[in-house]
Amino acid sequence: MRARLLLPIAIFLVAIRIGGAALPEQTVWSGLIIASNSPPAEPTPAEITQIEGTLRKLFGYSQFQLIGQATKTLKTGEEDWLAASKYFSLQVDSRGEKADAYVLNLKLFQEQKLLLETKAKLSKASPLVIRGPQVGDGQLVIVLVVQ
Amino acid sequence: MKTFEEKWTAWIDDQLTGRELEEFLASLPDRAAADAEKQSAKKLGSFLRKQAVALSNVDFFSHQLRERLDRESAPARSDRDAVQTGWWTIRRLLWGGITSLAVFALCTVVVLREKTPPSQSQYLTEILTYRVDPTVSPNATISMFQKKEDHVTVLWVEGLQSLPAEYATK
């Protein structure tokens, strides 16, 4: 009797489990990058290589140094995280998923100063690139990608 | 000293003889009725002797008899049960409900999985709003554009205060 009762329950749980897997978790990578033409001190990080060509075309720089990053797995689509370097920080507040994209509130800080505030709908196949302030002979570039 | 019953049995079996027989016959209140009863007992004894072969295997006979009784009574009983309870007993209804729910959940999941959109969207990222603090960056201007060939959306900020190279520190 108990074994017969367990079978439908097991089917139901498997169905729920598979159903949960039908909504895949997504990872958003956020990076603070210094683009410059200085000789490379270290190889281009793997996270940038997929967008490196686009960044070269956009900004005309050949070298990209990662100074801060964060990788966040979105389970509910409503999470907060911070990608920070010593002087800059990018605060990300995810406000949910709409039409295959995440609605994000972004705030770029230079230490305590709010430089830029924006709201974007980050598509899963389309990176967001933000041109920040000039830093030395390079440029601060912020990149957000759904991986 | 034999009792009356012992003498009666012995008389039926023709075991009484001589004086004992005479005394027993004299003690009978109704001789004709006793003779009739004796004949009847003899007939019964004869009949039982004939049936002795059939009764030699009592267990087998009993089993056969019980089986036959079961066969005769079973259809009547199941018909009666069906009329009283019907096919849809409470337990069957419960099992039917649970099984249907499980199958429904499985089908729903299969359909949902088929309709899940592909992970690679065809839409470009959109900038909904943007703002710079005019007190911090009074000369800043912002523009937004999309590079469709690279599938990239760019927020281009000009006029932010330039910073020394040490700000490129990790």
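Note on numbering: residues in each chain are counted from 1, in written sequence order. To read the labels, note that chains go from A and ligands from 1, taken in the order they are written. The model is predicted, so local features are restricted to residues of pLDDT at least 70 and side-chain atom pairs to those at 80 or more, both for listing and for counting; the totals for chains, interfaces and linings are taken over all residues.

1. Considering the interface of chain A and chain B
A common way to express how large an interface is: the accessible area buried when the components associate. Note on contacts: each residue gets a C-beta atom placed from the backbone, and two residues are in contact if those atoms are within 7 Å. Contact with chain A, which involves 46 residues of that partner, is made by 46 residues of chain B. Numbered from the N terminus, helices here are DSSP runs of H or I no shorter than four residues, and strands are runs of E no shorter than two. Elements with a contribution of two residues or more to the side of chain A that touches chain B: α1 (2-21), α2 (46-59), β2 (63-74), β6 (113-123) and β7 (128-135) of chain A. At 11 residues, β6(A) tops the list of elements feeding residues into the side of chain A that touches chain B. A pair of strands is considered paired only if DSSP assigns at least 2 bridges between the two. Relative to strand β3 (residues 152-158) of chain B, β7(A) runs parallel, the two being bridged by 4 bridges. The partner of V129(A) across the bridge, within β3(B), is V154(B).

2. A word on the confidence of the model for chain B
Residues and elements named next belong to chain B. pLDDT expresses, on a scale from 0 to 100, how confident the predictor is about each individual residue. Averaged over every residue, the pLDDT of chain B is 82; residues scoring 70 or more account for 82%. Mean pLDDT values over the elements of chain B span from 67, in helix α4 (residues 58-85), up to 94, in β3. Reported confidences for the modelled complex are a pTM of 0.57 and an ipTM of 0.82.

3. Some words on the sheet that holds β7(A)
With respect to topology, 6 strands assemble into an open sheet ordered β2(A)-β1(A)-β8(A)-β7(A)-β3(B)-β2(B), the strand pairing being mixed. Each end of this open sheet is capped by a strand with a single partner; those strands are β2 of chain A together with β2 (141-147) of chain B. On average, each strand axis in the sheet is inclined to that of its neighbour by 20 degrees, with strand direction left out of account. Across 6 bridges, β7(A) lies against strand β8 (residues 138-146) of chain A in antiparallel orientation. Note on β8(A): the bridge partner recorded for V129(A) is V143(A). A fitted line through C-alpha atoms serves as each axis, taken over the contacting stretch for helices, and the angle formed by two N-to-C directions is quoted from 0 to 180°.

4. As for the sheet that holds strand β4 (residues 88-98) of chain A
Pairing between the strands of a sheet is mediated by backbone hydrogen bonds and can be parallel or antiparallel. With respect to topology, 5 strands assemble into an open sheet ordered β3(A)-β4(A)-β5(A)-β6(A)-β1(B), the strand pairing being antiparallel. Strand pairing shows two members of the sheet lacking a second neighbour, β3 (80-84) of chain A together with β1 (126-131) of chain B, which therefore form its edges. Strand-to-strand twist in this sheet, taken as the mean axis angle between neighbours without regard to direction, amounts to 20 degrees. One ladder, built from 9 bridges, connects β4(A) with strand β5 (residues 101-110) of chain A; its direction is antiparallel. Among the inter-strand pairings, K98(A) is bridged to a residue of β5(A), identified as A101(A).

5. What about the nonpolar core?
Residue and element names in this part refer to chain A. A set of buried Ala, Val, Leu, Ile, Met, Phe, Trp, Tyr and Cys residues, joined through C-beta atoms within 7 Å, is what we mean by a nonpolar core. Field definition: a residue is buried when 20 or more other C-beta atoms are found within 10 Å of its C-beta, exposed when 12 or fewer are, and partly exposed for counts in between, with C-beta atoms placed from the backbone. Core analysis: the biggest nonpolar cluster contains 45 residues, and L32, I33, L122, V129, V141 and V143 have the highest contact counts within it. Ranked by the residues each element gives to this core, the list is headed by β8, at 7 residues. Not counting chain neighbours up to four residues away, the residues in contact with V141 comprise I33, A35, L55, F59, V129, R131 and G132.

6. Observations concerning the pairing of β6(A)
Pairing geometry for β5(A) and β6(A), over 10 bridges, is antiparallel. Among the inter-strand pairings, A101(A) is bridged to a residue of β6(A), identified as S123(A). Linking two consecutive strands that pair antiparallel, namely β5(A) and β6(A), is a turn of 2 residues; a positive phi of about 55 degrees is found at E111(A) within it. Relative to β1(B), β6(A) runs antiparallel, the two being bridged by 5 bridges. Looking across to β1(B), one finds that A120(A) is bridged to I127(B).

7. Observations concerning the environment of A70(A)
All names here are of chain A. As for its position among the elements, A70 is in strand β2. Taking the C-beta count within 10 Å as the criterion, A70 has 17 such neighbours and is therefore assigned partly exposed. For A70, the contacting residues outside a window of four places in its chain are S30, W81, L82 and A83.

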